[in-house]
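Architecture at a glance
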Amino acid sequence: MEKIVKPLLEWFETHQRELPWRKDREPYHVWVSEIMLQQTRIEAVKKYYTRFMEEIPDIESLSFISEDRLLKLWEGLGYYSRAKNLKKAAQMIMEEYGGEFPHSYGEILKLSGIGEYTAGAIASVCFNEKVTAVDGNVLRVMARLSGSKENVLLPQTKEKFKKKLQEILPEQSGKFNEALMELGETVCLPNGSPLCKECPLGEYCVSCRDGLTGEIPVRVKNIKRKKEEKTVLILCCQGKIAIEKRTAKGLLSGMYQFPNFEGFCTEEELKVKLQPLKILFLGKAKHTFTHIDWYIQGYFLEIPEPMKEYLWVTPQELTEQYALPTAFQPFWKKCHSLPEIFIK
């Protein structure tokens, strides 16, 4: 394994992408980018990162920003607990570290929302601490290099690869960790389609040699998914739209949403219940969370009087001020596209 260090670092020097958070080694920049990149593609993150930094340029401003505004800036990235944990960690840094980002892996790991991978990435990239940073990309590279058919989703498999990497970690630990991640993101691609001819480690790769890149890495999930059916209502009255805030705990906590309820409801049932002036079916959608699949149907209803249990906002206010979960976005977009509604 030690033979991969030199060619990997040399390859990274000439092939690393220019990314906004790589312009310096400022821990705040690396931290925010790493949190955004969890469960999200790099190309999608770039515009969010730039907008985020323009409005929240440092740890202090992050610690003071309102949750509603923070979630609006995060809108579309999903997994909103990540944004909330960013703010919690920023407040902790202000209170316990005098506003200065902690310098060691052990201290970084104490911050809200930061796990072993993120702590390792920040500690090695920003402070050159000799610690590993093993994410899904690195696991894929390591499994293919070694020809391992162990389940990479198991903690013991990850620990095994971390130990191997720790043994060969060079002084340039940050660059080495970044290089491994870059290789996984741009060359050692998932789904059996790696660009082996472009890989600097091809001569050391068991999977490439034995034609196993389609079988490795092995990923065996043991998750029982829950299915929920929902009906979403976009209620319009006097040019305003009804929204409500979700509870402070649980899925999508603290975010705003359109009124909705469990189960599918027919158009006739809604006519009896709400007596709308106009009703239109907006279609169906599916949204996948980590352990839950939502099967959703939506309706647009124009009603004669505003219902007191909801907050009524203009379409512009909804677009500019309130973070709407991705699960509800398809129905809101449909309202913009239908000539019978045409919400501006």
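Description of the structure in this document. As the structure is a prediction and not an experimental result, all values here were calculated from the model. (Residues numbered from 1 in each chain as written. Predicted model: local features only at pLDDT ≥ 70, side-chain atom pairs only at ≥ 80, totals over all residues. Heavy atoms only, no water.)

**Comments concerning the overall build of the protein chain**
The condition is simple: Think of it this way: any DSSP run of H or I at least four residues long counts as a helix, any run of E at least two long counts as a strand, and we number them from the N terminus. Three labels apply to residues, based on accessible area from a 1.4 Å probe with only protein chains included: buried if under 20% of the type maximum, exposed if over 50%, partly exposed otherwise in between. Contacts between residues were defined by any pair of non-hydrogen atoms, one from each residue, lying within 4.5 Å. Values of accessible area rely on a 1.4 Å probe in the Shrake-Rupley scheme; residue burial ignores everything except the protein chains shown. Only four residue types enter the charge count, namely Lys and Arg as positive and Asp and Glu as negative; His and the chain termini do not. A charged residue contributes its charge at one atom only: NZ of Lys, CZ of Arg, CG of Asp or CD of Glu.
A count of helical and extended segments in the protein chain gives 15 helices and seven strands. Once the C-alpha set of the protein chain is aligned to its principal axes, its extents read approximately 75 × 50 × 35 Å. Across the 344 residues in the protein chain, those meeting the buried criterion constitute 49%. Looking at the protein chain alone, contacts between residues at least 24 apart form 68% of all its contacts between residues at least 6 apart. In the structure as shown, the protein chain presents an accessible area of about 17,500 Å², 51% of it carried by carbon and sulfur atoms. Between the mean site of the 49 positive side-chain charges and the mean site of the 47 negative ones, the protein chain shows a separation of 5 Å.

**Considering the environment of Tyr-117**
Tracing the sequence through the fold places Tyr-117 in helix α8 (residues 116-127). Overall, Tyr-117 belongs to the buried group, its relative accessible area being 15%. Setting aside residues no more than four positions away along its own chain, Tyr-117 makes contact with Glu-34, Ala-133, Val-134, Asp-135 and Met-181.

**Observations concerning helix α5 (residues 67-74)**
Since the α-helix packs 3.6 residues into each turn, any two residues three or four apart lie on the same face. Among the residues making up α5, those that are buried are Leu-70, Leu-71, Lys-72, Leu-73 and Trp-74. Buried residues belonging to α5 abut α2 (27-37), α3 (42-55), α4 (59-64), α6 (81-96) and α14 (315-321). Of the residues flanking the end of α5, it is Gly-76, one or two places downstream, whose phi is positive at about 100 degrees.

**Brief notes about the packing of aromatic side chains**
Applied cut-off: The pairing test for Phe, Tyr and Trp rings, Trp by its six-membered ring, is centres within 6.5 Å, and the orientation test on the planes gives stacked under 30 degrees, edge-to-face over 60, and tilted for anything in between.
The full count for this structure, using the stated rule, is 10 aromatic pairs. Summarising the aromatic geometry, the rings of Phe-258 and Trp-332 are spaced 5.8 Å apart at their centres and angled 45 degrees between planes, so their arrangement reads as tilted. Of this pair, Phe-258 sits in the loop between β3 (256-257) and β4 (260-262) while Trp-332 sits in helix α15 (residues 329-337), placing them 74 residues apart in sequence. A single burial state applies to Phe-258 and to Trp-332, both of which are buried.

**A short note on the pattern of salt bridges**
As a reminder, the rule being used: Whenever a carboxyl oxygen of Asp or Glu lies within 4 Å of a side-chain nitrogen of Lys or Arg, that contact is scored as a salt bridge.
One pass over the structure, following the stated rule, counts 23 salt bridges. Between Lys-230 and Glu-228 there is a salt bridge, and its shortest N-O distance comes to 3.9 Å. Residue classification places Lys-230 among the buried residues on the basis of a relative accessible area of 5%. A cluster of three or more residues bridged by salt bridges with shared partners is formed by Arg-17, Arg-22, Arg-25, Glu-178, Glu-182 and Glu-185.

**As for the pairing of strand β1 (residues 226-237)**
Selection rule: Here the rule is simple: two strands pair whenever DSSP picks up at least two bridges between them.
Where burial is concerned, most of β1 is hidden: nine out of the 12 residues are buried. Two elements, β1 and strand β6 (residues 292-302), share 11 bridges in a ladder whose sense is parallel. Each residue of the ladder has a partner; that of Cys-236, found in β6, is Glu-302. Across three bridges, β1 lies against β4 in antiparallel orientation. Looking at β4, one finds that Lys-230 is bridged to Glu-262. Sheet topology places β1 next to strand β2 (residues 240-245); two bridges connect them, and they run antiparallel. Bridging from a neighbouring strand, Cys-236 pairs with Ile-241 of β2. The turn linking β1 back onto β2 is made up of two residues, and Gln-238 within it adopts a positive phi angle of 55 degrees.

**Re the environment of Asp-135**
Rule in force here: Side-chain atoms alone can form a polar contact between residues adjacent in sequence; in general such a contact is a pair of N or O atoms within 3.5 Å, and within protein one must be able to donate a hydrogen while the other accepts it.
Relative to the helices and strands, Asp-135 resides in the loop between α8 and α9 (136-146). On the basis of relative accessible area, Asp-135 is assigned to the buried category, the value being 14%. In this structure, the C-alpha to C-alpha distance between Asp-135 and Thr-118, residues 17 residues apart in sequence, is 8.8 Å. Apart from the residues lying within four places of it in its own chain, the contact partners of Asp-135 are Tyr-117 and Met-181. Looking at Asp-135, its side chain comes within polar contact range of the main-chain nitrogen of Asn-137, at 3.2 Å.

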